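What the coordinates show
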Amino acid sequence: MAGTASQSSRNGAPGEGQRPVWSRDFALFFVARAVARLGDTMLPVALAAGLLQHGYGAGAVGLAMAATAAAFAGLVVFGGVIADRFSTRKLMIGADLVRLGTQALAAALFFSGHVVLWEICAIGFVNGVAGAVFQPGVASTVPRLASDIQGANGAIRVAESAAQLAGPAVAGLLVGFASPGGVFAAHAATYAVSAVCLLLLRLPAPTPESRAAGRGSKAFRADLVEGWREFRSRTWLWGVIAVWCLYMIAVWGPTVPLVATEVVQQHGPRAYGLVNSALGAGTVVGGLIALRLRPRRMLRAGAIALIGFAAFPASVGAGLDVPVMAAGAAVAGAGMSFWGVMWATSVQTQVPPDVLNRIHAYDVAGSLAMMPVGQALAGPAASVLGADHVLLVAGLMSFVVCASLLAIPAVRGLVRADAPPTGGPDRTAMPEPTRAETT
């Protein structure tokens, strides 16, 4: 079942012509993702500078970030079921409008000087709920807009990376010359632009394989169960997610808030903007490489590239100069970006389209489940060990994570869905003969 469905999802629905990457509708989606990413990369600067300015420390920054991540990770699975039952475009527009309102409220709080941690966390929680509704539709939108799914993912990654390159620098300037409230106001505006682009978007009709969803709570639970069954039947999928839980606790979770607070406290918000912009420049390079390099075993290549992320927390933890930290961030960004394209393309081409939103939701939920834990523990760990030591450990754990990915046979051996056979039996489908190993 999985092999047949994924074949049609990567080659287009029956009777459907090949869709080029660039079209009016893909350009709108491209702009929507780029602008939204611009705002998202401005947010850590605003939170770090704004909360520090009002007397809070690294623990408060971690908690504010964890509130969003916890809501998102806890509810995105339900968002996946909803996305498979309703119009993904309308759901994404609604989520953008909600976040437009919450970020406008945050801007008003910072402009007024009335900043209370629980209010900022509550706003972050609502943003996380909206993100949980928005994100599942992204996975199924890309295959409906372009046949070259890796090319489309690579182009979107470059756009998001370019936004990441500009976002922190713009945020640093806004904080330095205006206030953190100005960053939140700009962030709200990016959601407005994204909503307008999605409103103008015309999506092709779903593939014939997409089934009509039943109604009622029993049907909803059945959809959840079906999504989980499809998820666990693919060893490469749940194997990566299991390793990613370790990555979120030991690497990404502590890196984001601790790098922000360390660089802002030692070198100022403009330096943090420079370092994060270097991270964005690296992700642009990684996305461009992913546009051209098409390895037969995508996850193996992506895991090897991901080793480069260790340079980011390690350089900050070692207390190196800002240019060296920026170089480490660039290497980290390239590795992370290349892995991201390889992973997204693998999911979108190996999974049946009628369950893709749910599978993507389980993927996102599993990937991020431990991130709020890592972020929430960042402050206490830094108090006990020192932020620099925690970041050095995060750099070391990056190597452990990549080695763990490569140690899983189903991950390192997964053959891309559109790979030509190399002789003998057809290898374009799954490399394993049994359903339990349809990975």
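An account of the accompanying structure is given in this report.

Thresholds, definitions, all that
- Residues numbered from 1 in each chain as written.
- Predicted model: local features only at pLDDT ≥ 70, side-chain atom pairs only at ≥ 80, totals over all residues.
- Heavy atoms only, no water.
- Helix = DSSP H or I, 4+ residues; strand = E, 2+ residues; numbered from the N terminus.
- Buried < 20%, exposed > 50% of the residue type's maximum accessible area, 1.4 Å probe, protein only.
- Contact = heavy atoms within 4.5 Å.
- Areas by Shrake-Rupley, 256 points an atom, 1.4 Å probe, with all protein chains shown as cover.
- Axes fitted to C-alpha atoms, helices over the stretch in contact; angles between N-to-C directions.
- Parallel < 35°, antiparallel > 145°, perpendicular 65-115°, else oblique.
- Nonpolar A, V, L, I, M, F, W, Y, C, P; charged D, E, K, R; others polar.
- Core = buried A, V, L, I, M, F, W, Y, C linked by side-chain atoms within 4.5 Å.
- Expected span 1.5 Å × (residues − 1).
- Phe/Tyr/Trp six-rings, centres within 6.5 Å; stacked < 30°, edge-to-face > 60°.

1. Thoughts on the overall build of the protein chain
Scanning the protein chain from terminus to terminus reveals 18 helices and zero strands. Buried positions account for 58% of the 439 residues belonging to the protein chain. Excluding contacts between residues fewer than 6 apart, the proportion of contacts in the protein chain whose partners are at least 24 apart in sequence is 88%. For the protein chain, the computed accessible surface area is about 16600 Å², with 69% contributed by carbon and sulfur atoms.

2. Structural notes on the packing of helix 5 (residues 117–134) against helix 6 (residues 136–145)
Running from N to C, helix 5 and helix 6 cross one another at 30°; their axes reach a closest spacing of 4 Å. The angle between helix 5 and helix 6 falls in the class roughly parallel. Only Pro 136, Gly 137 and Val 138 of helix 6 make contact with helix 5, whose side of the interface consists of Gly 131, Ala 132, Val 133 and Phe 134. Tallied by class, residues from the contact of helix 5 with helix 6 come to five nonpolar, two polar and no charged.

3. Some points on the side chain of Thr 345
Looking at the secondary structure, you find Thr 345 in helix 14 (residues 322–350). Every residue in contact with Thr 345, bar those within four places of it in the chain, is listed here: Ile 149, Gln 150, Asn 153 and Met 298.

4. Describing the nonpolar core
Among the nonpolar cores identified, the biggest contains 94 residues, and Trp 236, Tyr 247, Phe 312, Trp 339 and Trp 343 are the most heavily contacted of them. Among the elements that take part in this core, helix 10 (residues 235–267) stands out by supplying 16 residues, more than any other. In contact with Trp 343, other than residues within four places in its own chain, are Trp 236, Leu 237, Val 240, Ile 241, Leu 299 and Asp 363. Residues Phe 26, Val 138, Val 142 and Ala 195 belong to the second largest nonpolar core, which totals 21 residues.

5. A short note on helix 15 (residues 356–368)
Here helix 15 contains 13 residues, and its C-alpha end-to-end distance of 18 Å stays within 8% of the 18 Å for a straight helix at 1.5 Å per residue. Along helix 15, 13 of the 13 residues are buried, which leaves the element largely enclosed by surrounding structure.

6. With respect to the packing of aromatic side chains
Applying the stated criterion across every chain, the model contains nine aromatic pairs. Aromatic pair Trp 244 and Trp 339: ring centres 5.6 Å apart, planes at 15°, arrangement stacked. With Trp 244 in helix 10 and Trp 339 in helix 14, this pair connects stretches of sequence that are 95 residues apart. Residues Trp 244 and Trp 339 agree in their burial class; the two are buried. Here the aromatic rings of Phe 309 and Phe 312 are separated by 6.1 Å at their centres, their planes lie at 85°, and the arrangement is edge-to-face. Accessibility classification places Phe 309 together with Phe 312 in one group, the buried group. Members of the aromatic cluster, connected to one another through ring pairs, are Trp 236, Trp 244, Tyr 247, Trp 252, Phe 309, Phe 312, Trp 339 and Trp 343.

7. Some thoughts on helix 14
Between its terminal C-alpha atoms helix 14 stretches 41 Å, which fits the 42 Å expected from 29 residues at 1.5 Å a residue. Counting buried positions along helix 14 gives 22 out of 29 residues, so the element sits mostly inside the fold.

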